[in-house]
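Chain and residue survey
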Amino acid sequence: MSVDNVWSGQWVADRLGVRLADGRNGDGGRNGDGGPSGGRGPSGDGGPSGDGGAELRELLGLALRRNPKRAHLLVSNVLGKHVPQRPATVHGAGVRLGRRVRELLGDEAAARAVVLGYAETATGLGHSVADGLALAPYLHSTRRPVPGVATVGGFEEEHSHATSHLLLPEDPGLLAATGPLVLVDDEFSTGRTVLNTIAALHRGFPRDHYVVVALVDMRSPEDRARLEAFAADLGARVDLVAAAAGAVHLPDDVLERGARLVAEHEAVAEAREGMTAPTGSPAGPGTTRVDLGWPEGLPDGGRHGFTPTHRTRLEASLPTMAARLADALAQAPNLANALAKAPDDPAPPAGGHAAPPADGTPPADGTLAAPGGHTSPDHLAQPANGVPASAGGHTSSDAPADDTAASANDPAAPADTPAAAPRRTVTAPAGPGQAGGARAPGLTRPRPPRPLRRVLVLGFEELMYAPLRIAEALDEALDGVEVRYSTTTRSPVLAVDDPGYAIRTRLTFPAHDGPADGPGPRYAYNVAPGADPDRRFDAVVAVVDSAADTPALHAPDGLLAALAAHTDRLVLAVVPSYRPQTPPTPRTVPERQAPPMHQPSYEPLRGPDFSSYAPEEVGWLLQDFSHVTLEAPTEEREEAIQSGGAHYAESLPVEYQPSERYQELFRAALDTSAARIARAVGAVTETVLAERSPRPVLVSLARAGTPVGVLMRRWARHAHGLDLPHYAISIVRGRGIDTAALRWLADHHDPSDVVFVDGWTGKGAITRELSDALAPYPDFDPRIAVLADPGRCVDTYGTRDDFLVPSACLNSTVSGLISRTVLRADLVGPNDFHGAKYYRELAGADVSEHFLDTVSARFAEVAEAALADAERLAATDRTPTWEGWAAVERISQEYGIHDVNLVKPGVGETTRVLLRRVPWKILAQRGAGADLDHVRLLAEQRGVPVEEADDLPYTCVGLIHPRYTRGATGADGKTVGTASDKTADKTADRTADETADRTADKANTANTAGKAAGRHERTVAAR
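Each value, and the rule that gives it
- Numbering of residues begins from 1 in every chain and follows the order in which that chain's sequence is written.
- Note on the predicted model: pLDDT of at least 70 is required for a residue's local features to be given, and 80 or more for side-chain atom pairs to be given and counted; whole-chain, interface and lining totals, by contrast, use all residues.
- Excluded from the side-chain calculations are hydrogens and water; all other atoms, namely the structure's heavy atoms, are used.
- Runs of H or I in DSSP of at least four residues are treated as helices and runs of E of at least two as strands, each being numbered from the N terminus.
- For every residue, the accessible area obtained with a 1.4 Å probe (protein chains only) is divided by the maximum for its type, and the residue is called buried under 20%, exposed over 50%, and partly exposed between those limits.
- Contacts: residue pairs with any heavy atoms within 4.5 Å of one another.
- For helices, the axis comes from a line fit to the C-alpha atoms of the stretch in contact; other axes are also lines fit to C-alpha atoms, and the angle between any two N-to-C directions lies between 0 and 180 degrees.
- Note on angle classes: values under 35 degrees are labelled roughly parallel, values over 145 roughly antiparallel, values of 65 to 115 roughly perpendicular, and the remainder oblique.
- In this scheme the crossing of two helices becomes right-handed for a clockwise turn of the near helix relative to the far one and left-handed for an anticlockwise turn of less than a right angle.
- Classification used: nonpolar for Ala, Val, Leu, Ile, Met, Phe, Trp, Tyr, Cys and Pro, charged for Asp, Glu, Lys and Arg, polar for all others including Gly.
- Every definition here rests on a 1 Å grid over the protein atoms only: cavities are sets of points where a 1.4 Å probe fits but cannot get out, pockets are open sets enclosed by protein on both sides within 12 Å along at least five of seven lines, and lining residues have some atom within 4 Å of a point.
- Grid points are joined across faces, edges and corners, and a volume is the space filled by probe spheres set on the points.
- Multiplying 1.5 Å by the residue count of a helix minus one yields the expected span of that helix.
- The quantity called bend is, for any residue, the angle between two axes fitted respectively to the seven residues ending at it and the seven beginning at it.
- Here is the rule: rings of Phe, Tyr and Trp (six-membered ring for Trp) pair when centre to centre is within 6.5 Å. Planes less than 30 degrees apart are stacked, more than 60 are edge-to-face, and the remainder are tilted.
- Each pair of strands is called paired provided DSSP finds at least two bridges between the two strands.
- Buried residues of nine kinds, namely Ala, Val, Leu, Ile, Met, Phe, Trp, Tyr and Cys, make up a nonpolar core once their side-chain atoms join them within 4.5 Å.
- For this analysis, a salt bridge means a side-chain nitrogen from Lys or Arg found within 4 Å of a carboxyl oxygen belonging to Asp or Glu.
- Residue-level confidence of the predictor, termed pLDDT, takes values from 0 up to 100.

**With respect to the overall build of the chain**
Counting its secondary structure elements, the chain contains 26 helices and 34 strands. Out of the 1023 residues belonging to the chain, those deemed buried represent 62%. Partitioning the intrachain contacts of the chain with sequence separation of at least 6 by distance along the chain shows that 77% fall at a separation of at least 24.

Written out as structure tokens, the structure is:
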């Protein structure tokens, strides 16, 4: 067996007799086992994990604790605590679990839920689960009391080295909500912590539903039975969701054997650690401090609560923070040079930074103006010679790789040719008998740092989530650089530098945050390279909160000095410690959405004040967001959507302004197809009048459905003299329908008369979304009426042909100048209508009325044919076959996409891809004619290949770029095919993890080449 294939728990298993058993072996039960009130239920059961513990071995390694209560430690490979891991893998593991919880609860219950993570190990995991759940606020327990903040609860963790958990929400009412409580820990070992938590909270905040989430469920049958009995006694439902399940088999004398092993190897580990420990040199010289630009008032984590609105602010700030870090890394000095300077030298080297003030008091903004060394963010963003640093962490070819110019220190090196200076291997850190600050033997001139190959972002104890998201953003910013993430910890674990052991190396340093339980050692694991130089990090970014930015952090034996001995570049980023408001902001509504920005209108909006349609044509059940800036460049939106960092309904694309050539195509297509559209309008309207209601209330799905709803209303007036009410309502894929608008409709009309209208079907995602969204409202008929149903998804339609509906060619300028709808937590409260913008400034390009009038003018000539079509449809079996969905799934597999949401079938959806998304390629039915002229033109303009195919059930299919980063398009906005190799690797990382989640949560298969792209699982419930 090669070293790379050695299980990182084999060393312990061989010496301690510990054995991991996969859940399929009958010892651990199935994933997610637990169900309602302890019985099996819809708790995210992910199926068996596999045989022989192989999958568990990918998820977990083993180590030895210095803990008399438990000898072994299950070391997660995807948690980011002890084992440095790709940040996308860490975040994605939690997000996928959160999405399973949301699927379990449903959106209504998820919007009333609260997510609670455990300190310190699961604070980041819990936060990531909350990201996947998306609708709920997050809180994590803490072991750090905060002066002035009242404790509203607490519980004990019996097996831990530090047991007391405090709950310090800014709003005490957070836990008083009656919705489900989602408890997140890294593992279920015995389940006692969960019991203690639920028992403690249930006394003060009783509720009827708990969901327990973890990466692995390792409880014994006895532990499972205990939880079942506990839930039954409590009278509450308890669901469990785990990525994998199994069991740990321990010998009877495991504690004694573990203690002997620890005693035997601890002295060796301490001696090895002492060989590279810093001695007498402060960490200030050579440490680069960077101002992240952390948003003012944004919590640094979930210690006091973190809402969906907070998440939105953080997501918007991450790219800027990553850019600042990339600049700082590019300019950070070589630590070998900084440490070679005698410790009593009067000034730190250029770019170095001194320790914080002697009293340890950080400024209010969380940064420190270190005397003589602090460099402002503006300076960090631009090297002294004016040449900007590249995203890859290196200066341009005319700039030295170090911020200390080679020419200033070595006259033999040309000033403009830093490569001429030989790159030397940095000597080993100071060993026994050599002062840490002594000049390395043979060092005659400053050494440039090694090119960035591996970078570690190191968080701090409970501060896990902010460093994780910063690391994920930095991973995107540094092309060609491997970024890893982990955090420091309180947990004492034996280090053994053996491939079969999970904790290879250990750094020990004093606590530097003034902990309530007094001073003590803290640890950073697997940061030092040990005996394997390939495991060395070329740079380390230490991220702490301002409460921990104390003299102890910068001391000769502190964390920074320990890190400096094992890396070329060291960057310190300080996140301001959040202090709750006094008095706390009351929590008056569930945190599905933030409180409304203003009192909304509870009457429909109408033209000309909102939209260019006549007021009688349509009433918009929306808020007017025309005064809010919501647009973002297409590339930025695509990257945020595919990364899971933002939902498509939280922003708007920049409105496409068609060229004159394209407008000519629209006009030609309208002239050609107007009669065909009029006939389909007549057929679907007659079907609705005959089968649904003699006086239907038309409710179109904004915005593609709105022109069709207006045309159906006009047909009813033309053919029958009926004046039908018509409204437009918002529905959002993955978020559901506007429930405030539904309530308005129910108050003003008979719900049984409501007929929902859309333009066309693609694969049927919105059809399913509508059906799911209306399940709690049985008085509304969920069947949707569409002009065209090429996806075979509905039973009320005008035609099933896939042809060009010209209203798909344009955006707002053919839809009453209204944007697509917006659902964002800081704009839409739980009792508000969703919103949209009215683009009054585009009135000169508006063809909305022209489109309607051109089609309506053909009603008389197609009336007889439309009535015949309706009669034929009445006698036809129109049962949906979902052929389109099957075709999309096939295309998704064949093209290696594995995300149906990136496959957009039909002429209309393909047009949308080209107008509003980042297209990858277009599949066209061989021989398709004029219906695709506009598609071919748009594809040519955006540099998108059009491939002809013989077996398409649609005229064409648009494929969204499946591995999208902004590197996927050129400076001109044209697609450049697949993304860079790095992006492909990282996308494969994420997708491999997701594939594992769907099959057995096989972790750490993220580096498998050729896996399909797509960052997060987005096909839950066929959405």
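And the narrative resumes.
**Quick word on the packing of helix H3 (residues 87-105) against helix H5 (residues 123-133)**
Remark: H3 packs on H5, axes separated minimally by 6 Å, with the N-to-C direction vectors making an angle of 50°. When the axis of H3 is compared with that of H5, the two are oblique. H3 and H5 meet at a crossing whose hand is right-handed. Contacts from His-91, Gly-94, Val-95, Leu-97, Gly-98, Arg-99, Val-101 and Arg-102 in H3 reach Leu-125, Ser-128, Val-129, Asp-131, Gly-132 and Leu-133 in H5. Looking at the contact of H3 with H5 residue by residue, the classes come out as six nonpolar, five polar and three charged.

**Describing empty space enclosed by the protein**
Empty pockets left among the atoms are what a rolling probe the size of a water molecule brings to light. Inspection of every chain in the model, using the stated rule, returns 11 cavities of 30 Å³ or more. By volume, the largest cavity is sized at about 670 Å³. Taken together, 32 residues make up the lining of the largest cavity; nearest its centre are Ile-766, Arg-820, Lys-904, Glu-909 and Arg-912. Among the elements of the structure, helix H16 (634-643), strand S25 (731-732), strand S27 (754-760), helix H20 (765-773), strand S28 (784-788), strand S31 (903-905) and helix H24 (907-916) are those that each provide at least two residues to the lining of the largest cavity. Counting residues per element, the lining of the largest cavity draws most heavily on H24, at four residues.

**Looking at helix H17 (residues 660-691)**
Between its terminal C-alpha atoms H17 stretches 43 Å, which fits the 46 Å expected from 32 residues at 1.5 Å a residue. Taking the largest bend as the criterion, H17 deviates by roughly 55°, centred on Ser-673.

**Comments concerning helix H18 (residues 705-720)**
Its 16 residues place the ends of H18 22 Å apart at the C-alpha level, agreeing with the 22 Å of an ideal helix rising 1.5 Å per residue. Taken as a whole, H18 has its buried residues at Gly-705, Thr-706, Pro-707, Val-708, Gly-709, Val-710, Leu-711, Met-712, Arg-713, Arg-714, Trp-715 and Ala-716. Two residues or fewer after H18 comes Gly-721, characterised by a positive phi angle close to 70°.

**Observations concerning the packing of aromatic side chains**
Counted according to the given criterion, the structure contains nine aromatic pairs. Ring centres of Phe-306 and Tyr-465 lie 6.2 Å apart, and the angle between their planes is 70°; this geometry places the pair in the edge-to-face category. In this pair, Phe-306 sits in the loop between strand S12 (287-290) and helix H9 (308-331) while Tyr-465 sits in helix H13 (residues 465-477), placing the two residues 159 residues apart along the sequence. Each member of the pair Phe-306 and Tyr-465 is classed as buried.

**Quick look at the sheet that holds strand S34 (residues 956-960)**
Overall, mixed pairing links the four strands, which are arranged S31-S34-S32-S33 in an open sheet. The open sheet has two edge strands with one neighbour each: S31 and strand S33 (946-949). Adjacent strand axes in the sheet meet at a mean angle of 20°, parallel and antiparallel pairs treated alike. Here strand S32 (residues 919-925) runs beside S34; their pairing, made up of five bridges, is antiparallel. Looking at S34, one finds that Pro-919 is bridged to Ile-960. Taken strand by strand, helix H23 (residues 883-894) contacts S31, S32 and S34, and its axis lies near 140° from that of S31.

**Overview of the nonpolar core**
In globular proteins that are soluble, nonpolar side chains generally tend to be buried together. Judged by nonpolar contacts, the single largest core of 144 residues is most densely connected at Val-182, Val-455 and Tyr-501. Setting aside its immediate chain neighbours within four residues, Val-182 contacts Val-101, Leu-105, Ala-113, Val-114, Val-115, Leu-116, Leu-133, Val-211 and Val-213. Leu-605, Tyr-648, Val-710 and Val-855 belong to the second-largest nonpolar core, a separate cluster that totals 78 residues.

**Notes on the sheet that holds S27**
Across the sheet, six strands lie side by side as S19-S24-S23-S27-S28-S29; this open sheet has parallel pairing. Two strands in the sheet have a free side with no partner beyond their single neighbour: strand S19 (619-620) and strand S29 (796-799). Taken together, the four bridges between S27 and S28 define a ladder with parallel strand orientation. Bridged to Asp-758 within S28 is Val-786.

**Regarding the packing of H17 against helix H22 (residues 859-874)**
Relative orientation of the contacting elements H17 and H22 amounts to 50°, with a least axis distance of 7 Å. The angle between H17 and H22 places the two elements in the oblique class. With respect to the hand of their crossing, H17 and H22 are arranged in right-handed fashion. Taken together, the residues of H22 that come into contact with H17 (itself represented by Ala-675, Ala-678, Arg-679, Val-681, Gly-682, Ala-683, Glu-686, Thr-687 and Glu-691) are Phe-859, Glu-861, Val-862, Ala-865, Ala-866, Leu-867, Asp-869, Ala-870, Leu-873 and Ala-874. Grouping the constituent residues of the contact of H17 with H22 by class yields 12 nonpolar, two polar and five charged.

**Focus on the environment of Ser-812**
Mapped onto the secondary structure, Ser-812 falls in the loop between S29 and strand S30 (835-836). Linking Ser-812 and Asp-846, residues 34 residues apart in sequence, is a C-alpha distance of 8.0 Å. When residues no more than four places from it in sequence are discounted, the contact partners of Ser-812 are Glu-655, Arg-703, Leu-817, Ile-818, Tyr-839, Leu-842, Asp-846 and Ser-848.

**Points about the pairing of strand S11 (residues 237-249)**
Counting buried residues in S11 gives 10 out of 13 residues, a clear majority hidden from the surface. By the bridge criterion, four bridges tie strand S1 (residues 19-22) to S11 in an arrangement that is antiparallel. The partner of Arg-19 across the bridge, within S11, is His-249. As judged from the eight bridges shared by strand S10 (residues 209-217) and S11, these two strands associate in the parallel manner.

**Focus on unusual backbone geometry**
Between Ala-119 and Glu-120 the backbone carries a cis peptide bond, its omega angle lying at -5°. Looking at where Glu-120 falls in the secondary structure, it is placed in the loop between strand S4 (114-117) and H5. Put simply, Gly-607 and Pro-608 share a cis peptide bond, and its omega is 0°. Looking at the secondary structure, you find Pro-608 in the loop between strand S18 (569-575) and S19.

**Remarks on the pattern of salt bridges**
Here the structure, examined in full by the defined rule, presents 48 salt bridges. Its salt-bridge partner being Arg-692, residue Asp-781 comes within 3.5 Å of it at the nearest N-O pair. Remark: Arg-692 occurs in the loop between H17 and strand S23 (697-701) and Asp-781 occurs in the loop between H20 and S28; sequence separation between them is 89 residues. By sharing partners, the salt bridges in this structure join Asp-131, Arg-311, Glu-315, Arg-469 and Glu-472 into a single network.

**Re the environment of Gly-132**
Take Gly-132: it is sitting in helix H5. By relative accessible area, which is 4% here, Gly-132 ends up buried. Those residues within four positions of Gly-132 in sequence are excluded, and the remaining contacts are Val-95, Gly-98, Arg-99 and Arg-102.

**What about the confidence of the model for the chain?**
Of the residues in the chain, 72% reach a pLDDT of 70 or more, and the chain-wide mean stands at 76. This stretch, residues 24-54, has a pLDDT under 50; its non-local contacts, to residues over four places away or in other chains, come to 94 contacts. Confidence drops under pLDDT 50 across residues 965-1023; counting only partners more than four residues distant or on other chains, this segment forms 159 contacts.

**Remarks on the environment of Gly-297**
Tracing the backbone through its elements, the reader meets Gly-297 in the loop between S12 and H9. Judged by relative accessible area, Gly-297 falls into the partly exposed class, the value being 49%. Residues Gly-297 and Tyr-578, spaced 281 residues apart in sequence, show a C-alpha to C-alpha distance of 7.2 Å. Contacts of Gly-297, omitting those with residues within four sequence positions, involve Arg-313 and Tyr-578.

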